[in-house]
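Tertiary structure, described
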Amino acid sequence: MFICAMGGAAHADVIVIDPAHGGEDFGVRVGRAIEKDITLQVAFYLRQKLQDGGAMVQMTREKDKKISINLRQKSANMAPTLLLVSLHLNAAFDKKQEGFEIYLGDFHKISNGSEGAGGGQNQILGDMLRNHIFNEGVRFATSIEKAMISVLGRKSRGIRQAPMPIFKGASVPTVVIEIGFATNPQEQEKILTKEYQQRIASAIAQGINDAL
Ligand SMILES: [Zn+2]
């Protein structure tokens, strides 16, 4: 089940927000910071900001519920999706680690497509689609990074590539945002406040809108 809410309908296509984890899957849990709750809260704020800008928005979950990666991707596949943005909270052994980072899938592993099919038209179309998905991901990630630096006044830890499950077989542009570190006491304190969660949402919304 996913939620579709139409704003001013300035864009025909949809932004899908994926608050990571949920239910018995808590994600990162450090002190009062529980990843599944924080990602959901930021997702609600982000939905509001995007809708205020006229975007059509879906969420992969609205409740404290565990859902599979497959279902999260399906929500994005059911509509003409411009971007699937998955929100996470970071953790590190080193408590000094801080800031946000943005992830993209590994271009060469972004598809399920069979390798070594011997070329042909399907292969070419598959390559073009992968190319498009990856390039769009880069475009959104770059714009979101820029907005987060300026709105949050924080240094970016960079746009990185990692083989996260949400990227496997992705058929729409997908970015993962690690909004900050639960393991850094100062950062955790900020991230637990409504004000900072709303600023994160504003920054991401601005980055997405700038890219549209
Ligand atoms: Zn996570």
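Details of the structure are given in the entry above.
Model, not experiment: these values are computed from the prediction.

Further remarks concern the environment of Val-30. You can see Val-30 is positioned in strand β3 (residues 29-30). Sequence-wise, Val-30 and Asn-184 are 154 residues apart; in three dimensions their C-alpha atoms are separated by 9.5 Å. Non-local contacts of Val-30, meaning those with residues more than four positions away in its chain, are made with Ala-91, Ala-182, Thr-183 and Gln-188.

Another point: helix α5 (residues 194-211). With 18 residues, α5 should reach 26 Å at 1.5 Å per residue; the first-to-last C-alpha distance of 26 Å fits that figure. Looking at the buried positions of α5, the neighbouring elements they touch are β2 (14-19), α1 (35-52), β6 (81-90), α3 (121-152) and β9 (174-181).

Bringing the packing of α3 against α5 into the picture now. Remark: α3 packs on α5, axes separated minimally by 7 Å, with the N-to-C direction vectors making an angle of 140 degrees. Relative to α5, the element α3 lies oblique. Handedness of the α3/α5 crossing: right-handed. For the pair formed by α3 and α5, the contact residues are Arg-139, Phe-140, Ser-143, Ile-144, Lys-146, Ala-147, Met-148, Val-151 and Leu-152 on the first element and Arg-199, Ile-200, Ser-202, Ala-203, Ile-204, Gln-206, Gly-207, Ile-208, Asp-210 and Ala-211 on the second. Residues belonging to the contact of α3 with α5 are distributed by class as follows: eleven nonpolar, four polar and four charged.

Our focus in this paragraph is the nonpolar core. Ranked by size, the top nonpolar core spans 53 residues in total, and within it Ile-15, Val-85, Ile-144, Val-175, Ile-177 and Ile-204 carry the most contacts. Looking at this core, the elements with two or more residues in it are β2, α1, β5 (56-59), β6, β7 (100-104), α3, β9 and α5. The dominant element in this core, judged by the number of residues it contributes, is α3, at eight residues. If sequence neighbours within four positions are ignored, Val-85 has contacts with Ile-15, Ile-17, Asp-18, Val-175, Ile-177 and Ile-204.

Time to look at α3. Between its terminal C-alpha atoms α3 stretches 46 Å, which fits the 46 Å expected from 32 residues at 1.5 Å a residue. Considering only its buried residues, α3 is in contact with β6, β7, β8 (156-161), β9 and α5. Downstream of α3 by a residue or two, Gly-153 has a phi angle that is positive, lying close to 60 degrees.

Below, the discussion takes up the packing of α1 against α5. Here α1 crosses α5 at 45 degrees, and the two axes come no closer than 8 Å. Our classification of the angle between α1 and α5 gives oblique. Like other packed secondary-structure pairs, α1 and α5 cross with a definite hand, here right-handed. In this structure, α1 contributes Gln-41, Val-42, Tyr-45, Leu-46, Lys-49 and Leu-50 to the contact, and α5 contributes Gln-197, Gln-198, Ile-200, Ala-201, Ser-202, Ile-204, Ala-205 and Ile-208. Residue classes in the contact of α1 with α5 are distributed as nine nonpolar, four polar and one charged.

Definitions and cut-offs
Residues numbered from 1 in each chain as written. Predicted model: local features only at pLDDT ≥ 70, side-chain atom pairs only at ≥ 80, totals over all residues. Helix = DSSP H or I, 4+ residues; strand = E, 2+ residues; numbered from the N terminus. Contact = placed C-beta atoms within 7 Å. Expected span 1.5 Å × (residues − 1). Axes fitted to C-alpha atoms, helices over the stretch in contact; angles between N-to-C directions. Parallel < 35°, antiparallel > 145°, perpendicular 65-115°, else oblique. Left-handed = near helix turned anticlockwise from the far one by under 90°. Nonpolar A, V, L, I, M, F, W, Y, C, P; charged D, E, K, R; others polar. Core = buried A, V, L, I, M, F, W, Y, C linked by C-beta atoms within 7 Å. Buried ≥ 20, exposed ≤ 12 C-beta atoms within 10 Å, placed from the backbone.

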